[in-house]
Amino acid sequence: IGRTTVDYRQLGIGYANLGALLMAMGLGYDSEGGRTMAAAITSLMTGTSYRRSAELAGIVGPYNGYERNAEAHQRVMRKHQAANDMVRPVHAADADVHKLATKEWAEVLRIGESNGFRNAQASVLAPTGTIGFMMDCDTTGIEPDFSLVKFKKLVGGGSMQIVNQTIPRALRRLGYAEETVEAIVEYIAENGHVVDAPGLRPEHYPVFDTAMGLRSLAPMGHVRMMAACQPFLSGAISKTVNLPESSTVHVIADVYMEGWRLGLKAVAVYRDNCKV
């Protein structure tokens, strides 16, 4: 492991709080807009990392195993670029990010062709659980929010209730007045979901869908999000596909088969009260 690390210098850059970002933008996690935004961000992140890796290789040299893997490495970079070209922005924000990502991949190929790369791998999506908590994130890694309301045990005893801090930002982004925002947040704190929240339009319910609860995401919603980001990652994605306890073997098999069809490198399924 030590020798491989020195020879290939793999990196694992990733992100946290994606679910909260999409919510703050008023985008549903299981929506075309949400997936396109996530794909553009992932593409920009990995493209920027490889561009810098190529620049570093021009100063201190490529990784030790690059020479015998140069053709394959360049081919992978072209595949990343081709996948980026397939992204079709659906709103101004993801169009801006995608434009930057396209520029980065062009630089990756240009600089990498002459310099090689300092790192055999640049990105991967870890759970970022502990890091996310330290950063005060509402969500971790690529995950949606687990639930809109959480309970935290206190050191001195007792517990405190925490409502997702991104909800007010999302409501304001969607155009709700301040008094309506306060009423909706209060309703969520009491009920744990947005269904029938006072003043909240039903078409905005999907923005607040979570991994568990009354408005839980469909299993394939998790898979589709991973599939949107996988083409722009060197490694795999650590993520849970949440299923209700009533899920059958066939439902679970469908998740794995669809993940395979969509080119995912890893899939982890969690059925309530039974991890698969």
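In this text the structure is predicted, and so the values were computed from the model without any measurement.

Visitor: Tell me about the environment of His250, and name the residues and values.
Guide: Following the sequence through the fold, His250 ends up in helix α10 (residues 249-261). In this structure His250 comes out as exposed when scored by relative accessible area, which is 63%. Remark: the alpha-carbon pair of His250 and Ile1, spanning 249 residues in sequence, is separated by 38 Å.

Visitor: Can you tell me about helix α5 (residues 92-115), naming the residues and giving the values?
Guide: The end-to-end C-alpha separation of α5 is 34 Å, in line with the 34 Å expected for 24 residues at 1.5 Å each. When α5 is considered as a whole, its buried residues turn out to be Asp94, Val97, His98, Ala101, Glu104, Trp105, Val108, Leu109, Ile111 and Gly112. Looking at the buried residues of α5, the elements they touch are α3 (32-60) and α4 (66-86). After α5 finishes, the residue Gly116 shows a positive phi value of roughly 80°.

Visitor: Residue-level account of the packing of α4 against α5, with values.
Guide: Across the interface, α4 lies against α5 with an axial gap of 10 Å and an inter-helix angle of 160°. Classified by the angle between their axes, α4 and α5 sit roughly antiparallel to one another. Seen from above, α4 lies across α5 with left-handed handedness. Residues Tyr66, Gln74, Met77, Arg78, His80, Gln81 and Asn84 of α4 form the contact with α5, whose own contacting residues are His98, Ala101, Thr102, Trp105, Ala106, Val108, Leu109, Gly112 and Glu113. Here the residues of the contact of α4 with α5 sort into seven nonpolar, seven polar and two charged.

Visitor: Let's hear about a nonpolar patch on the surface: which residues, and what values?
Guide: Nonpolar side chains collect at one region of the surface, where Leu56, Ile59 and Val60 lie side by side and expose about 310 Å² of accessible area between them. Structurally, the position occupied by Leu56 is in helix α3. A relative accessible area of 39% places Leu56 in the partly exposed class.

Visitor: Quick one: what's the story with the packing of aromatic side chains, residue by residue and with numbers?
Guide: In this structure the tally under the stated criterion is five aromatic pairs. When the centroid spacing of 5.6 Å and the interplanar angle of 40° are considered together, the rings of Tyr8 and Tyr63 count as tilted. Residue Tyr8 is found in helix α1 (residues 2-8), and its partner Tyr63 is found in the loop between α3 and α4; the two are separated by 55 residues along the sequence. Judged by centre distance (6.3 Å) and plane angle (65°), the rings of Tyr66 and Phe117 are edge-to-face. Note that Tyr66 is positioned in helix α4 and Phe117 in the loop between α5 and α6 (129-134), a separation of 51 residues in sequence. Across this residue pair, the class does not change: Tyr66 and Phe117 are buried. Every member of this aromatic cluster is reached through a ring pair, and the members are Tyr8, Tyr50, Tyr63, Tyr66, Trp105 and Phe117.

Visitor: Residues and numbers for the packing of helix α9 (residues 219-229) against α10, please.
Guide: Two numbers describe how α9 lies on α10: the axes approach to 10 Å, and their chain directions differ by 20°. Looking at the two axes, α9 sits roughly parallel to α10. Remark: the crossing between α9 and α10 carries right-handed chirality. For the pair α9 and α10, contact is made by Pro219, Met220 and Val223 and by Asp254, Val255, Glu258 and Gly259, respectively.

Visitor: I'd like a rundown of a negative patch on the surface, residues and numbers included.
Guide: Among the surface-exposed residues, Glu179, Glu182, Glu186 and Glu190 lie close enough to one another that they form a single negatively charged patch. In this structure, Glu179 sits in helix α8 (residues 178-191).

Visitor: Report on α9, specifying residues and quantitative values.
Guide: Burial analysis of α9 places eight of its 11 residues in the buried class, the great majority of the element. Buried positions along α9 lie against α2 (18-24), α3, β3 (240-243) and α10.

Visitor: So what's going on with the environment of Val108? Residues and values would help.
Guide: Residue placement: Val108 occurs in helix α5. According to the relative accessible area criterion, Val108 is buried, its value standing at 0%. In this structure, the C-alpha to C-alpha distance between Val108 and Asn119, residues 11 residues apart in sequence, is 13 Å. In contact with Val108, not counting residues within four places along its chain, are Gly47, Tyr50, Arg51, Met77, Glu113 and Phe117.

What counts, and at which threshold
- Residues numbered from 1 in each chain as written.
- Predicted model: local features only at pLDDT ≥ 70, side-chain atom pairs only at ≥ 80, totals over all residues.
- Heavy atoms only, no water.
- Helix = DSSP H or I, 4+ residues; strand = E, 2+ residues; numbered from the N terminus.
- Buried < 20%, exposed > 50% of the residue type's maximum accessible area, 1.4 Å probe, protein only.
- Expected span 1.5 Å × (residues − 1).
- Contact = heavy atoms within 4.5 Å.
- Axes fitted to C-alpha atoms, helices over the stretch in contact; angles between N-to-C directions.
- Parallel < 35°, antiparallel > 145°, perpendicular 65-115°, else oblique.
- Left-handed = near helix turned anticlockwise from the far one by under 90°.
- Nonpolar A, V, L, I, M, F, W, Y, C, P; charged D, E, K, R; others polar.
- Patch = residues over 30% accessible without salt bridge, like charges linked within 9 Å, V, L, I, M, F, W, Y side chains within 5 Å.
- Areas by Shrake-Rupley, 256 points an atom, 1.4 Å probe, with all protein chains shown as cover.
- Salt bridge = Lys/Arg side-chain N within 4 Å of Asp/Glu carboxyl O.
- Phe/Tyr/Trp six-rings, centres within 6.5 Å; stacked < 30°, edge-to-face > 60°.
- Lys, Arg positive; Asp, Glu negative; His and termini not counted.
- Charge placed at Lys NZ, Arg CZ, Asp CG, Glu CD.

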